[in-house]
Amino acid sequence: MNGIGKPTSEEVAEALRARIESGELAAGQPIPTQKSLVEAFGVQRGVIRRALRSLQEDGLLTEVTRGAPPRIADRSAEPGVAGGAGVTGAAGTAGVGADETPQETMVALRPRITEAFRADHVRVDALCLTAESLSAALGEQRLRIQDRSVAPSSVTVRVLLPNRNIELAFPRSVSTADTHPDEGDLVHQRWLQQRNSHGTVLSDHLVGMRSAGIDVDVRFRALPFTPAVKLYVLNGTEALLAYYKVMVREAEIGRTSVEMYDALGDKSPLFSFVSGETRLRRDEAFVAESQAWFDALWDTIATDLALG
């Protein structure tokens, strides 16, 4: 992140790379315009240009000229690349099939959200620490709706995030309040800024879908605890789970170097469980229990959350 809650050029490039490798952006297809990418990711045009330059250097874009948008390069002849698309999993698209090694959340969540948006009535329930990965994934769906690649009738999104007033288990300063009283406040304010920024961008992406005539309902609620996992339940038929792995790391907050307990959720492997006739009963039970657990939290101990 660039310190103000918006994606960096590296994160934009990674998001577009995931769409290319999954086959969503096929060989020969033009990349979305810089204007639409600016709107989808909520960044300056310079960030988009650097991201596209990075993809070009990686050999993923071709025909980069002043007069036309870049196109996806044909990599079908490269070793290990089949038709320019990513590996298709048992769940129906690239990323987290039953027989595949789970990928990092920032990469794996996008194709699963894309698959969910094929439904006429889309429902996404998410429990997480900041909603960073979900915000990026929904930004791509806003792009797809704008270019008419997909057109659901309705989209309902419910997000559970930690309450701003609780003492988080992470991220928090390693130092105690007695030795460095200001560090704890710095870490908490940094997390709060990220939570609110990602949540606001996520909400903006969804509200932007209404211009296409889609019925959108987006709501946030606050939890009185720090989630140890991130959970996404898609259309009541798929549950995606990732563990927050806590580590000790140093971060620059303003002009202060702070040692803190933190978890980089976008790097956590995402596990997929899908219900359906051809799936394991264990998976079906896990999806049902995940939905029931989320609903119980939403309806009982969660409270209204106003971003800001």
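Higher on the page you've got the structure.
Residues numbered from 1 in each chain as written. Predicted model: local features only at pLDDT ≥ 70, side-chain atom pairs only at ≥ 80, totals over all residues. Heavy atoms only, no water.

Q: Even after reading the chapter, I still don't get the overall build of the protein chain, so can you show me in this structure?
A: For the protein chain, the count of helices and strands is seven helices and twelve strands. Burial statistics for the protein chain: of 308 residues in total, 51% are counted as buried. Across the protein chain, every contact between residues at least 6 apart in sequence was considered, and the portion connecting residues at least 24 apart equals 72%. About 14800 Å² of surface is accessible on the protein chain, with carbon and sulfur atoms providing 48% of the total. (Helix = DSSP H or I, 4+ residues; strand = E, 2+ residues; numbered from the N terminus. Buried < 20%, exposed > 50% of the residue type's maximum accessible area, 1.4 Å probe, protein only. Contact = heavy atoms within 4.5 Å. Areas by Shrake-Rupley, 256 points an atom, 1.4 Å probe, with all protein chains shown as cover.)

Q: Which parts of the structure should I look at to understand the sheet that holds strand β5 (residues 172–173)?
A: The pairing of strands in a sheet happens through backbone hydrogen bonds and is either parallel or antiparallel. Ordered by their spatial adjacency, three strands build an open sheet running β5-β10-β9, and the pairing between neighbours is antiparallel. Where the open sheet ends on each side, the last strands, each with one partner, are β5 and β9 (247–253). In this sheet, strand β10 (residues 256–262) lies alongside β9 in antiparallel orientation, the contact comprising seven bridges. Looking at the pairing, V248 lines up with Y261 of β10. (Pairing = 2+ DSSP bridges.)

Q: Please clarify how the pairing of strand β8 (residues 238–243) should be interpreted in this entry.
A: Regular strands place their side chains on alternate faces of the sheet. With five of six residues buried, β8 lies mostly within the body of the structure. Bridge count between strand β7 (residues 229–234) and β8: six bridges; the pairing is antiparallel. Note on β8: the bridge partner recorded for L231 is L241. Direction of pairing for β8 relative to strand β11 (residues 271–274): antiparallel, over a ladder of four bridges. Note that in β11 the partner of L241 across the bridge is F271.

Q: Got a minute to help me understand helix α1 (residues 9–21) in this structure?
A: In an α-helix there are 3.6 residues to a turn, and that puts residues three or four apart on one side. The end-to-end C-alpha distance of α1 is 18 Å, a good match for the 18 Å that 13 residues give at a rise of 1.5 Å each. Buried residues dominate α1, accounting for ten of its 13 residues. Elements that come into contact with the buried residues of α1 comprise α2 (34–41), α3 (45–57), β1 (61–62), β2 (71–72), α4 (105–116) and α5 (132–146). Looking one or two residues beyond α1, the residue adopting positive phi is G23, at roughly 90°. (Expected span 1.5 Å × (residues − 1).)

Q: Please explain the nonpolar core as it appears in this structure.
A: It is characteristic of soluble globular proteins that their nonpolar side chains tend to be buried jointly. Among the nonpolar cores identified, the biggest contains 41 residues, and I113, F117, L134, V155, L202 and L206 are the most heavily contacted of them. Among the secondary structure elements, those contributing two or more residues to this core are α4, β3 (121–127), α5, β4 (154–162), α6 (181–209), β6 (215–223), β7 and β8. In terms of residue count, the dominant contributor to this core is α6 (five residues). When neighbours within four sequence positions are excluded, V155 is seen to be in contact with F117, V122, L206, M209, I214, D215, V216 and D217. (Core = buried A, V, L, I, M, F, W, Y, C linked by side-chain atoms within 4.5 Å.)

Q: I would appreciate a short explanation of unusual backbone geometry in the present structure.
A: Excluding glycine, residues mostly carry a negative phi; peptide bonds, for their part, are mostly trans. The peptide bond linking F170 to P171 adopts the cis configuration, its omega dihedral lying at -5°. Relative to the helices and strands, P171 resides in the loop between β4 and β5. Even without a glycine there, the phi angle at A131 is positive, about 70°. Mapping A131 onto the fold places it in the loop between β3 and α5. Notably, R148 is not glycine yet its phi reads approximately 65°, a positive angle.

Q: Explain the pairing of β4 to me, please; I cannot follow it from the model alone.
A: Of all nine residues in β4, eight are buried; the element is thus mostly enclosed. The pairing of β3 with β4 spans seven bridges and is parallel. Considered in β4, the bridge of A126 is made with V159. Note that the unit made of β3, α5 and β4 has a crossover that is right-handed. With nine bridges connecting them, β4 and β6 associate as parallel partners. Paired with L160 across the strands is R221, a residue of β6. (Right-handed = clockwise from strand over helix to strand, strands pointing away.)

Q: Teacher, can you tell me more about a positive patch on the surface here?
A: A surface patch of like charges, here positive, comprises K35, R45, R49, R50 and R53. If you tally residues by element for the positive patch, the top one is α3, at four residues. Counting through the fold element by element, R45 comes out in helix α3. R45 gets classed as partly exposed once you look at its relative accessible area, which sits at 36%. (Patch = residues over 30% accessible without salt bridge, like charges linked within 9 Å, V, L, I, M, F, W, Y side chains within 5 Å. Salt bridge = Lys/Arg side-chain N within 4 Å of Asp/Glu carboxyl O. Lys, Arg positive; Asp, Glu negative; His and termini not counted. Charge placed at Lys NZ, Arg CZ, Asp CG, Glu CD.)

Q: What's the story with the sheet that holds β11 in this structure? I'm lost.
A: The seven strands lie next to each other as β11-β8-β7-β3-β4-β6-β12, forming an open sheet whose pairing is mixed. Unpaired on one side and paired on the other, β11 and β12 (303–304) mark the two borders of the sheet. Seen against the sheet, α4 touches β3, β7 and β8 and runs at an angle of roughly 15° to β7. (Axes fitted to C-alpha atoms, helices over the stretch in contact; angles between N-to-C directions.)

Q: Would you mind showing me how to read the packing of aromatic side chains here?
A: Ring pairs (aromatic) are described by centroid distance and by the angle formed between their planes. Tallied over the full model, the rule gives three aromatic pairs. Residue placement shows R158 over the ring face of W298; its charged tip is 5.1 Å from the ring centre. Positioned above the aromatic ring of W298 is the side chain of R221, whose terminal nitrogen or guanidinium carbon lies 5.8 Å from the ring centre. (Phe/Tyr/Trp six-rings, centres within 6.5 Å; stacked < 30°, edge-to-face > 60°. Lys NZ or Arg CZ within 6 Å of the ring centre and 35° of its normal.)

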